[in-house]
Each structure stands twice: as C-alpha cells, then as structure tokens.
Amino acid sequence: MAALIEGRSLGRTDAARARLAEGVRRCERAGLTEAAGVLAALGDRLAAEAGTS
C-alpha cells in the first residue's frame with residue numbers, strides 16, 4: 001500500500017519500486033512465490049506508468 005501511494009500519489013516511482021523490490025525479496029525468502037510475483041508485477045506497472053524501466 002505504501003508503494004502505491006509513494007509511486008502514484010507522491011510521484012516517487014523509484015522509491016516505490018525499491019520498496020516493492022525489497023518486498024519481492026522478502027516474499028521469495030519466505031517461500032511466497034505468488035505474492036512475490038504480484039509485487040513484481042506491480043513494480044513493473046508503476047515503471048510503465050512512469051515511462052521508466
């Protein structure tokens with residue numbers, strides 16, 4: 001939720017993507033591959049909306 005607010009409302013896409021990437025790593029370490037995929041997809045979508053990769 002914080003990454004969505006940070007990326008969309010506050011315009012801090014890079015910080016939001018970093019937050020999501022850390023969430024992906026934590027989920028992967030915990031064996032939560034589906035959750036990691038959801039967070040990774042959200043990061044990709046934020047990047048696309050911002051025009052970055």
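Each value, and the rule that gives it
Residues numbered from 1 in each chain as written. Predicted model: local features only at pLDDT ≥ 70, side-chain atom pairs only at ≥ 80, totals over all residues. Heavy atoms only, no water. Core = buried A, V, L, I, M, F, W, Y, C linked by side-chain atoms within 4.5 Å. Buried < 20%, exposed > 50% of the residue type's maximum accessible area, 1.4 Å probe, protein only. Helix = DSSP H or I, 4+ residues; strand = E, 2+ residues; numbered from the N terminus. Contact = heavy atoms within 4.5 Å. Axes fitted to C-alpha atoms, helices over the stretch in contact; angles between N-to-C directions. Parallel < 35°, antiparallel > 145°, perpendicular 65-115°, else oblique. Left-handed = near helix turned anticlockwise from the far one by under 90°. Nonpolar A, V, L, I, M, F, W, Y, C, P; charged D, E, K, R; others polar. Arc of directions from axis to C-beta.

**Notes on the nonpolar core**
Phase 1 of the analysis: Within the largest apolar cluster, five residues are counted, these being A3, A16, L20, L42 and L46.
Phase 2 of the analysis: For this core, the secondary-structure elements that each account for two or more residues are α2 (13-29) and α3 (33-50).
Phase 3 of the analysis: Contact partners of L46, with chain neighbours within four places excluded, come to A3, G7, R8, T13, A16 and L20.

**As for the packing of helix α1 (residues 2-9) against α2**
Phase 1 of the analysis: Here α1 crosses α2 at 160 degrees, and the two axes come no closer than 7 Å. For the element pair α1 / α2, the angle class is roughly antiparallel. With respect to the hand of their crossing, α1 and α2 are arranged in left-handed fashion. Residues A2, A3, E6 and G7 of α1 form the contact with α2, whose own contacting residues are T13, A15, A16, R19 and L20.

**Some words on the packing of α2 against α3**
Phase 1 of the analysis: Relative orientation of the contacting elements α2 and α3 amounts to 165 degrees, with a least axis distance of 8 Å. In terms of orientation, α2 and α3 fall into the roughly antiparallel class. Note that α2 runs across α3; the crossing there is left-handed. For the pair formed by α2 and α3, the contact residues are T13, A16, R17, L20, G23, V24, C27 and E28 on the first element and A35, A36, L39, A40, L42, G43, L46, A47 and A50 on the second.
Phase 2 of the analysis: Residues that form the contact of α2 with α3 fall into these classes: 12 nonpolar, three polar and two charged.

**Here we look at α1**
Phase 1 of the analysis: Taken together, the buried positions of α1 are A3, E6 and G7. All buried residues of α1 fall inside an arc of 85 degrees around its axis, so they share one side.
Phase 2 of the analysis: One or two residues past the end of α1 sits G11, with phi positive at roughly 75 degrees.

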